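# Coordinate analysis (summary)
Below are the chains, spelled out letter by letter.
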Amino acid sequence: MQGVELFFYSSLSLLSPFPKPPPPSSLFPSILLRSHLSLSKRSPIPHCISRFPNSKEHQPDDDLQLEEESDAEDYTRIDVDELEEEAKSAAREYSSSLSRQLIIEDEVNVPIETGRKQSKSKITTINVPDHLLPRVAIVGRPNVGKSALFNRLVGGNRAIVVDEPGVTRDRLYGRSFWGQHEFMVVDTGGVLNISKSQDEVMEDLAITTTIGMDAIPLASREAAVARMPSMIERQAKAAVEEASAIIFLVDGQAGLTAADEEIADWLRKNYSDKYVVLAVNKCESPRKGLMQASDFWSLGFSPLAISAVSGTGTGELLDLVCSGLKKIEGPENCDEEEDYVPAIAIVGRPNVGKSSILNALVGEDRTIVSPISGTTRDAIDTEFTGPDGQKFRLIDTAGIRRRAAVASTGSMTESLSVNRAFRAIRRSDVVALVIEALACITEQDCRIAERIEREGKGCLIVVNKWDTIPNKNQQTATYYEQDVREKIRVLDWAPIVYSTAIAGHNVDKIIVAASTVEKERSRRLGTSVLNQVVQESLAFKSPPRTRGGKRGRVYYCTQAAIRPPTFVFFVNDAKLFPETYRRYMEKQLRSDAGFAGTPIRLLWRSRRKMEKDDGE
């Protein structure tokens, strides 16, 4: 029995948070074991030892005993502070390496957007929440360059810019500044006020009634197409009503059109109290720009020639816009520091109800909801305050289809939309993966799940349109969850929420679950608790031995990072811990310490190898 206790002392005491444990004693091993390893009121180690007192596997021979004593001697020279710093460095290195790899993967086969790539500008300004800033809406007919101007003003490529009409449909918000002014710029879809045929509307808005709409009757497709212009205009109208200033954008190369005149009449009649700036876009040459702008004096506004792509005239445009804005004093109107606001990205395949969930949560038609596949193009950010006062940033995304399916259509817009969806996952904290209740879980759902796990984001699975399941009973949800767990194994730790967004059923549970996931993702486990969990796991199941008789030893374990929780194990040789044992250790951490709804990363560092390298 003394040999067994000595074996566990030499292998498990290495995990103690104390840098210099007392030497083993052949006279009182049990007393030393209990006094040194008890990290709480109960002592789990003797209980674990009693599970296999007669096991031949755990009765070390003389050579193994000498090896373990050598490990214990090596551990007495370990500097815990040095290991803590090394663990943090390892976590940062791993996270940076993985981010670079994912960015490279995103850039493969992604088409280049129209216009020059803008470098995102940053400035230190007063910390004013977005909802308190004045808004500047950009309106105009389709394909006049509204999204290009939006990207120019906010910096970066926030909005999709393609040489196609009708790309933007929802309202897209971005923060901008000019001089001492800071404001929110709102990109809108093209306004189609003139009566047009259905074919012309479909062409202007790039609508298809075939892709992703096989299960929808033809009459429903035609009705959805007929409603699309009014829905886009409703979004533009909402942006104009909340704006303090309006940029009315026209196309200088195309010249004055009937649609421009109708939009100008609409602005004068309904929004005469608003400050309107008429900007004539696509005037690349300053000399020709004056001639092109002169055609638009008949609209009743003073035209200003600009180029959203090259930036010509945008400085003068911003001067005019800011002259109609009130300056916001941050320290007087809001708190000096803004609390951390977690972002929740809503992702999934097309037509699973992502936009319906967003609208149900915020209580308004923030995004367009239509059976037309691919209605949402950009990633739409929306501020939201939960019932408990917790603030969130909700991100609605475009439906993610298989890369081969996207490539077969030849649509640059859809390719960029999918890329925006993946970027939304990267900049979020929690991801709501939406699946349709009646639809089968596909390979694409699994790929999205794998991407969420690789990004290290918290996740919850939302089973939407739950009301469509016929003959439900108390066991329906249980059986459905088993099916989801079996097919999406990479997210077996994610909670599942059943909802019907179109009717508003259980959508509040999505926010509750997301809040819980974010707290787990930000939780830090105490060193003593972590060591106790690892000790019990090692005692219950030791690392397997190699054919040469070597066994992995854990010297020290610490949590190096949060979001996601990252644990670094310092061991004698990382190769002695196979993938099956690493999954076992992750499972034990989850079962004993929690972390529901968030991936956890386990990094294994070979300590002896590092000491050898340092010596060289």
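Residues numbered from 1 in each chain as written. Predicted model: local features only at pLDDT ≥ 70, side-chain atom pairs only at ≥ 80, totals over all residues. Heavy atoms only, no water.

### A closer look at the sheet that holds strand S3 (residues 181-187)
If you walk across this open sheet you meet the six strands as S2-S3-S1-S4-S5-S6, and the pairing is mixed. Only two strands of the sheet have a single partner each, and these edge strands are strand S2 (172-178) and strand S6 (303-305). Across the sheet, the axes of successive neighbouring strands diverge by a mean angle of 30°, strand direction being ignored. Taken together, the three bridges between strand S5 (residues 275-281) and S6 define a ladder with parallel strand orientation. (Pairing = 2+ DSSP bridges. Helix = DSSP H or I, 4+ residues; strand = E, 2+ residues; numbered from the N terminus. Axes fitted to C-alpha atoms, helices over the stretch in contact; angles between N-to-C directions.)

### Points about the environment of Val309
Its place among the elements puts Val309 in the loop between S6 and helix H11 (314-323). Separated by 28 residues in sequence, Val309 and Asn281 place their C-alpha atoms 9.1 Å apart.

### Focus: the packing of aromatic side chains
For the structure on display, the rule yields ten aromatic pairs. Residues Phe569 and Trp604 carry aromatic rings whose centres are separated by 4.4 Å and whose planes lie at 15° to one another, so their mutual orientation is stacked. A residue pair is termed long-range when its members are at least 10 positions apart, and Phe569 in strand S14 (residues 566-571) and Trp604 in strand S15 (residues 601-606) qualify at 35 residues. Trp604 sits in the buried class, given a relative accessible area of 11%. Between Tyr581 and Tyr584 the ring centres are 5.3 Å apart and the planes differ by 50°, which places this aromatic pair in the tilted class. Of this pair, Tyr581 and Tyr584 both sit in helix H20 (residues 579-593), three residues apart, which is roughly one turn of that helix. Residue classification places Tyr584 among the buried residues on the basis of a relative accessible area of 11%. Three or more aromatic residues joined by ring pairs make a cluster, and in this case those are Phe569, Phe577, Tyr581, Tyr584 and Trp604. In this structure, Arg523 is placed above the aromatic ring of Phe595, and the distance from its NZ or CZ to the ring centre is 4.3 Å. (Phe/Tyr/Trp six-rings, centres within 6.5 Å; stacked < 30°, edge-to-face > 60°. Buried < 20%, exposed > 50% of the residue type's maximum accessible area, 1.4 Å probe, protein only. Lys NZ or Arg CZ within 6 Å of the ring centre and 35° of its normal.)

### Structural notes on the nonpolar core
Core analysis: the largest hydrophobic core is formed by 32 residues, its most contacted members being Val347, Leu433, Ile452, Val463, Tyr480, Val484 and Leu491. Of all elements in the fold, only strand S7 (343-348), helix H15 (412-426), strand S10 (430-436), helix H16 (443-455), strand S11 (458-464), helix H17 (476-487) and strand S12 (496-498) reach the threshold of two or more residues within this core. Broken down by element, the residue count for this core peaks at five residues, all from H15. In contact with Val347, other than residues within four places in its own chain, are Lys354, Thr397, Ile425, Val431, Ala432, Leu433, Val434, Ile448 and Ile452. (Core = buried A, V, L, I, M, F, W, Y, C linked by side-chain atoms within 4.5 Å. Contact = heavy atoms within 4.5 Å.)

### Things to note about the pattern of salt bridges
A complete count under the given rule lists 20 salt bridges for this structure. The partner of Glu455 in a salt bridge is Arg426, and the shortest N-O contact between them spans 3.6 Å. Taken together, the positions of Glu455 in helix H16 and Arg426 in helix H15 put the pair 29 residues apart, joining distant regions of the chain. Look at Glu455 and you get buried, because its relative accessible area is 9%. Between Glu455 and Arg451 there is a salt bridge, with its nearest N and O atoms 3.1 Å apart. Here Arg451 and Glu455 lie together in helix H16, a separation of four residues that amounts to about one turn. Under the relative-accessibility criterion, Arg451 is labelled buried at 9%. Taken together, the shared-partner salt bridges in this structure form one network comprising Asp429, Glu518, Arg521 and Arg563. (Salt bridge = Lys/Arg side-chain N within 4 Å of Asp/Glu carboxyl O.)

### Details of the pairing of S15
Walk down a regular strand and you will see the side chains alternate between the two sheet faces. Burial of S15 is extensive: five of the six residues sit out of reach of the surface. Regarding the hand of the β-α-β motif, the stretch spanning S14, H20 and S15 is right-handed. (Right-handed = clockwise from strand over helix to strand, strands pointing away.)

### Describing the confidence of the model for the protein
Averaged over all residues, the pLDDT of the protein equals 77, while 69% of them reach at least 70. Counting interchain partners and residues more than four positions distant, the pLDDT-below-50 stretch residues 209-213 has 14 contacts. Counted against residues more than four places away or in other chains, residues 331-338, with its pLDDT under 50, gives twelve contacts. (pLDDT = per-residue confidence, 0-100.)

### Regarding the sheet that holds strand S9 (residues 391-396)
Here six strands make up an open sheet; going across it, the order is S8-S9-S7-S10-S11-S12 and the pairing mixed. The open sheet terminates on both sides in strands that have one partner only, identified here as strand S8 (380-385) and S12. Pairwise comparison of adjacent strand axes, ignoring direction, gives a mean angle of 25° for this sheet. With four bridges connecting them, S7 and S9 associate as parallel partners. Residue pairing across strands places Ile346 opposite Asp396, the latter belonging to S9. Most of the contacts of H16 go to S10, to which it runs at about 175°, and overall it touches S7, S10 and S11. Contacting S10, S11 and S12, H17 crosses the sheet at an angle of about 135° to S12.

### Quick look at unusual backbone geometry
Of note, the bond from Arg563 into Pro564 is cis; its omega dihedral lies within 30 degrees of zero at 0°. Relative to the elements of secondary structure, Pro564 occurs in the loop between strand S13 (554-561) and S14. The backbone phi angle of Asn506 is positive, close to 65°, even though this residue is not glycine. Summarising the element assignment, Asn506 is placed in the loop between S12 and helix H18 (507-521). Note on Asn506: relative accessible area 31%, which makes it partly exposed. Among the structural elements, Arg563 can be located in the loop between S13 and S14. What makes Arg563 partly exposed here is its relative accessible area of 35%.

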